[in-house]
Amino acid sequence: MADKTTLVLPGKKFSVPKFLKRIVQVTFAVALTSLVALAVIAGNTMLTDKKARMLKGWDQWLSFIHRPDILATMVLTAVVTVMLVYWQRDMERGR
């Protein structure tokens, strides 16, 4: 049977397999990275565009975020970060 762990979401706690918890953590990290990119790109567009159109920034963000290399980089970074955190935690417990 798979090892279970607790996944804590706002107002809720779930008992889930460790693999599912890591998938959720990676998904949250990618979503947060996407939102930060949206803020940077849309903010930059609003500051530099003469008409300060928010929708132009949104369109630029969509074209940026749909690039496969950008998505792959975000997912790879999130996976490596989550795995590193778990590895460090396991090493600390082992000592």
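Residues numbered from 1 in each chain as written. Predicted model: local features only at pLDDT ≥ 70, side-chain atom pairs only at ≥ 80, totals over all residues. Heavy atoms only, no water.

**Q** Outline the pattern of salt bridges, listing residues and values.
**A** Within this structure, the stated rule accounts for two salt bridges. In this structure, the salt-bridge partner of Arg 67 is Asp 69, at a minimum N-O distance of 2.6 Å. With a relative accessible area of 39%, Asp 69 lands in the partly exposed category. Between Asp 90 and Arg 89 there is a salt bridge, and its shortest N-O distance comes to 3.8 Å. (Salt bridge = Lys/Arg side-chain N within 4 Å of Asp/Glu carboxyl O. Buried < 20%, exposed > 50% of the residue type's maximum accessible area, 1.4 Å probe, protein only.)

**Q** So what's going on with helix H3 (residues 68–94)? Residues and values would help.
**A** Between its terminal C-alpha atoms H3 stretches 39 Å, which fits the 39 Å expected from 27 residues at 1.5 Å a residue. Along H3, the residues that are buried comprise Ile 70, Met 74, Ala 78, Val 82 and Tyr 86. If you follow the buried residues of H3, they end up packed against helix H1 (18–48) and helix H2 (54–65). (Helix = DSSP H or I, 4+ residues; strand = E, 2+ residues; numbered from the N terminus. Expected span 1.5 Å × (residues − 1). Contact = heavy atoms within 4.5 Å.)

**Q** Now, about the nonpolar core: what can you tell me, with residues and values included?
**A** Core analysis: the biggest nonpolar cluster contains 12 residues, these being Val 26, Val 30, Ala 37, Leu 38, Ile 41, Ala 42, Trp 61, Ile 65, Met 74, Ala 78, Val 82 and Tyr 86. Elements supplying a minimum of two residues to this core: H1, H2 and H3. Ranked by residues supplied to this core, first place goes to H1 with six residues. In contact with Val 26, not counting residues within four places along its chain, are Val 75, Ala 78, Val 79 and Val 82. (Core = buried A, V, L, I, M, F, W, Y, C linked by side-chain atoms within 4.5 Å.)

**Q** Summarise the pairing of strand E2 (residues 12–17); cite the residues concerned and give the values.
**A** For strand E1 (residues 4–9) and E2, the ladder comprises six bridges, and the chain directions are antiparallel. Across the sheet, Thr 5 pairs through a bridge with Val 16, a residue of E2. Taking the residues that link successive antiparallel strands as the turn, the E1-E2 hairpin has two residues, and the phi of Gly 11 there is positive, at about 80°. (Pairing = 2+ DSSP bridges.)

**Q** Report on the packing of H1 against H2, specifying residues and quantitative values.
**A** In the contact formed by H1 and H2, the axes pass within 8 Å of each other and the chain directions differ by 135°. For the element pair H1 / H2, the angle class is oblique. Along this stretch, H1 crosses H2, giving a crossing that reads as right-handed. Contacts between H1 and H2 involve Ser 34, Ala 37, Leu 38, Ile 41, Ala 42, Thr 45 and Met 46 from the former and Met 54, Lys 56, Gly 57, Trp 58, Gln 60, Trp 61, Phe 64 and Ile 65 from the latter. (Axes fitted to C-alpha atoms, helices over the stretch in contact; angles between N-to-C directions. Parallel < 35°, antiparallel > 145°, perpendicular 65-115°, else oblique. Left-handed = near helix turned anticlockwise from the far one by under 90°.)

**Q** Account for the packing of H1 against H3, naming residues and giving values.
**A** Two elements in contact, H1 and H3, have axes separated by 9 Å at closest approach and are oriented at 130°. In terms of orientation, H1 and H3 fall into the oblique class. The way H1 lies across H3 gives a crossing that is right-handed. Contact residues: Lys 21, Arg 22, Gln 25, Val 26, Ala 29, Val 30, Thr 33 and Ser 34 in H1; Met 74, Val 75, Ala 78, Val 79, Val 82, Met 83 and Tyr 86 in H3. Here the residues of the contact of H1 with H3 are counted per class, giving 10 nonpolar, three polar and two charged. (Nonpolar A, V, L, I, M, F, W, Y, C, P; charged D, E, K, R; others polar.)

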